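For reference, the chains in residue letters:
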Amino acid sequence: MGSSTARSLDREPAALAMRIGVVAAEAALATFARNLDLDDLEDGIDFQGAIGPAEWPVFSLVIDTLAEAGPGDRRTLDERRADALNDLARICMAAKNRGAA
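Residues numbered from 1 in each chain as written. Predicted model: local features only at pLDDT ≥ 70, side-chain atom pairs only at ≥ 80, totals over all residues. Heavy atoms only, no water.

Novice: Got a sec to walk through the packing of aromatic side chains? Specific residues and values, please.
Specialist: Under the counting rule described, the total for this entry stands at 1 aromatic pair. Between W56 and F59 the ring centres are 6.1 Å apart and the planes differ by 40°, which places this aromatic pair in the tilted class. A residue pair is termed a helical-turn pair when its members lie 3 or 4 positions apart in one helix, as W56 and F59 do in helix α4 (residues 56–66) at 3 residues. With relative accessibility at 1%, the residue F59 sits in the buried group. (Phe/Tyr/Trp six-rings, centres within 6.5 Å; stacked < 30°, edge-to-face > 60°. Helix = DSSP H or I, 4+ residues; strand = E, 2+ residues; numbered from the N terminus. Buried < 20%, exposed > 50% of the residue type's maximum accessible area, 1.4 Å probe, protein only.)

Novice: If you had to explain the pattern of salt bridges to someone new, which residues and values would you point to?
Specialist: The final tally for this structure, using the stated rule, is 3 salt bridges. Here R75 ties to D83 by a salt bridge, and the two come within 2.4 Å at their closest N and O atoms. Here D87 makes a salt bridge to R90, at a shortest N to O gap of 2.6 Å. Residue D87 and its partner R90 are located together in helix α5 (residues 77–100), separated by 3 residues, close to a single helical turn. (Salt bridge = Lys/Arg side-chain N within 4 Å of Asp/Glu carboxyl O.)

Novice: I'd like to hear about the packing of helix α2 (residues 22–35) against α4, residue by residue, with values.
Specialist: Axis separation between α2 and α4 bottoms out at 9 Å; the angle between their running directions is 110°. Our classification of the angle between α2 and α4 gives roughly perpendicular. Of the residues in α4, those touching α2 at A24, A25, A27, A28, T31 and F32 are V58, F59 and V62. Partitioned by chemical class, the residues of the contact of α2 with α4 number 8 nonpolar, 1 polar and no charged. (Axes fitted to C-alpha atoms, helices over the stretch in contact; angles between N-to-C directions. Parallel < 35°, antiparallel > 145°, perpendicular 65-115°, else oblique. Contact = heavy atoms within 4.5 Å. Nonpolar A, V, L, I, M, F, W, Y, C, P; charged D, E, K, R; others polar.)

Novice: Tell me about the environment of G52, residues and numbers included.
Specialist: Structurally, the position occupied by G52 is in the loop between α3 (47–50) and α4. Put simply, G52 and T31 are 21 residues apart on the chain and 8.8 Å apart in space, counted from C-alpha to C-alpha.

Novice: Residues and numbers for the packing of helix α1 (residues 13–20) against α4, please.
Specialist: Look at α1 against α4: their axes get within 10 Å of each other, and the N-to-C directions meet at 135°. In terms of orientation, α1 and α4 fall into the oblique class. Here α1 and α4 pass one another in a crossing that is right-handed. Contact residues: α1 offers L16, R19 and I20, while α4 offers V62, T65 and L66. In terms of residue class, the contact of α1 with α4 is made up of 4 nonpolar, 1 polar and 1 charged. (Left-handed = near helix turned anticlockwise from the far one by under 90°.)

Novice: Residue-level account of the environment of A69, with values.
Specialist: Mapped onto the secondary structure, A69 falls in the loop between α4 and α5. Among the residues examined, A69 registers a relative accessible area of 38% and is labelled partly exposed. Measuring from C-alpha to C-alpha, the distance between A69 and R80 comes to 7.4 Å, with 11 residues separating the pair along the chain.

See the structure below:
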């Protein structure tokens, strides 16, 4: 199942943010940015190995929530997690833009 430019309403930044909370999303994105080397993304991500134990609970909650498979979703966990990282960045950007307005 490939990515589509048209997103369903439940995948919009506002709906996703309501599911996990903007504060949790921002904390997870900051954790990701602080701990993972983008050059290593080609080889896959060992999230738990890269994220420290103190930051793991919030990060895993956010990523697992965003990477949840819906009915008929045939993507692999790695594909869902990659999409979850994109969703996470969109949530944080939408929250930042809304706060600046």
